[in-house]
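# Residue-level structural notes
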Amino acid sequence: MISLFEVLKVGVLVTIQDMGRKNFRHMGIPVSGAMDQLAYQCGNLLLGNKRDVASIEVAMGGTILKVCHDVDVVITGADLSPTINGQTIPMYRVIRLKQNDILTFHGAKSGVYAYIAVPDGICSKVDFESQSSYVLAKLGTDILKGMIIHGYHNEKTGFNRPKL
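The notes below deal with the structure included here. (Residues numbered from 1 in each chain as written. Predicted model: local features only at pLDDT ≥ 70, side-chain atom pairs only at ≥ 80, totals over all residues. Heavy atoms only, no water.)

This paragraph deals with the overall build of the chain. Of the regular secondary structure elements, the chain holds one helix and twelve strands. Moving toward the C terminus, one meets the helices and strands of the chain in the order β-β-α-β-β-β-β-β-β-β-β-β-β. For the chain, the spread of C-alpha atoms along the three principal axes comes to 45 × 40 × 30 Å. Taken over 164 residues, the chain has a buried fraction of 48%. In the chain, the proportion of contacts linking residues at least 24 apart, taken out of those at least 6 apart, comes to 72%. In the structure as shown, the chain presents an accessible area of about 8100 Å², 54% of it carried by carbon and sulfur atoms. Across the chain, the centroid of the 17 positively charged side chains sits 1 Å from that of the 14 negatively charged ones. (Helix = DSSP H or I, 4+ residues; strand = E, 2+ residues; numbered from the N terminus. Buried < 20%, exposed > 50% of the residue type's maximum accessible area, 1.4 Å probe, protein only. Contact = heavy atoms within 4.5 Å. Areas by Shrake-Rupley, 256 points an atom, 1.4 Å probe, with all protein chains shown as cover. Lys, Arg positive; Asp, Glu negative; His and termini not counted. Charge placed at Lys NZ, Arg CZ, Asp CG, Glu CD.)

Okay, here's the thing in structure tokens:
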């Protein structure tokens, strides 16, 4: 596990999402999962991840993250005017973030939900076979100001995600 981002400002809403918990509807457990499944999966595939690893979902903007360790990311989905250290960055491309960079989502030019994909996904709490956050049901990890968002990492082989 490696520290990836410190949350400086949450903005409207930031969650951890994967493809959701599909096997528990009969128990009244919500599926949750990424709101824009296509954009979420594109980010993972562009990084060479399996399409279902957890990513960060940013709603509407106002979110500010400080980079804790150098990491490649892909930002997909809604154009929430993302910048690194005040410089506009392209979406749907692998971007190398450096330690102490500031990643900001200023607000929506188009769409609602953007995704930050990282190599082998985000490390967070698993509930009912999914890392997806569902705040009202207290499932998954609540993202709060000051918290550290972690990713999977293995010193010998690089990023390495365990099976859920």
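There's more to say after this.
The next point concerns the sheet that holds strand β7 (residues 87-88). Hydrogen bonds along the backbone pair up the strands of a sheet, which may run parallel or antiparallel. The seven strands are arranged β7-β6-β9-β4-β1-β12-β11 in an open sheet whose pairing can be described as antiparallel. Bordering the open sheet on either side are β7 and β11 (122-123), each of which pairs with just one other strand. Here four bridges tie strand β4 (residues 63-67) to strand β9 (residues 102-105), and the two strands are oriented antiparallel to one another. The partner of threonine 63 across the bridge, within β9, is phenylalanine 105. (Pairing = 2+ DSSP bridges.)

With that settled, the discussion passes to the pattern of salt bridges. Counted under the stated rule, the structure contains two salt bridges. With its nearest N and O atoms 3.3 Å apart, the salt bridge here joins aspartate 72 to arginine 96. Taken together, the positions of aspartate 72 in strand β5 (residues 71-79) and arginine 96 in strand β8 (residues 95-97) put the pair 24 residues apart, joining distant regions of the chain. (Salt bridge = Lys/Arg side-chain N within 4 Å of Asp/Glu carboxyl O.)

The subject of this paragraph is the sheet that holds strand β2 (residues 13-17). The strand order β2-β3-β10-β5-β8 describes an open sheet built from five strands, whose pairing is antiparallel. The sheet is open, and its two edges are formed by β2 and β8, each paired on a single side. Direction aside, the axes of adjacent strands within the sheet are offset by 30° on average. As paired strands, β2 and strand β3 (residues 55-59) are joined by five bridges and run antiparallel to one another. By the bridge assignment for β3, valine 14 is matched with valine 58. Packing against the sheet, helix α1 (residues 37-46) makes contact with β2, β3, β5 and β10 (110-117), and its axis sits at approximately 155° to β5. (Axes fitted to C-alpha atoms, helices over the stretch in contact; angles between N-to-C directions.)

A few words now on the nonpolar core. Judged by nonpolar contacts, the single largest core of 29 residues is most densely connected at Phe5, Ile56, Leu97, Leu103 and Ile116. Secondary-structure elements contributing two or more residues to this core are β1 (2-9), β2, β3, β4, β5, β8, β9 and β10. The next biggest cluster of nonpolar side chains, apart from the first, holds five residues, and it includes Met19, Ala34, Tyr40 and Tyr115. (Core = buried A, V, L, I, M, F, W, Y, C linked by side-chain atoms within 4.5 Å.)

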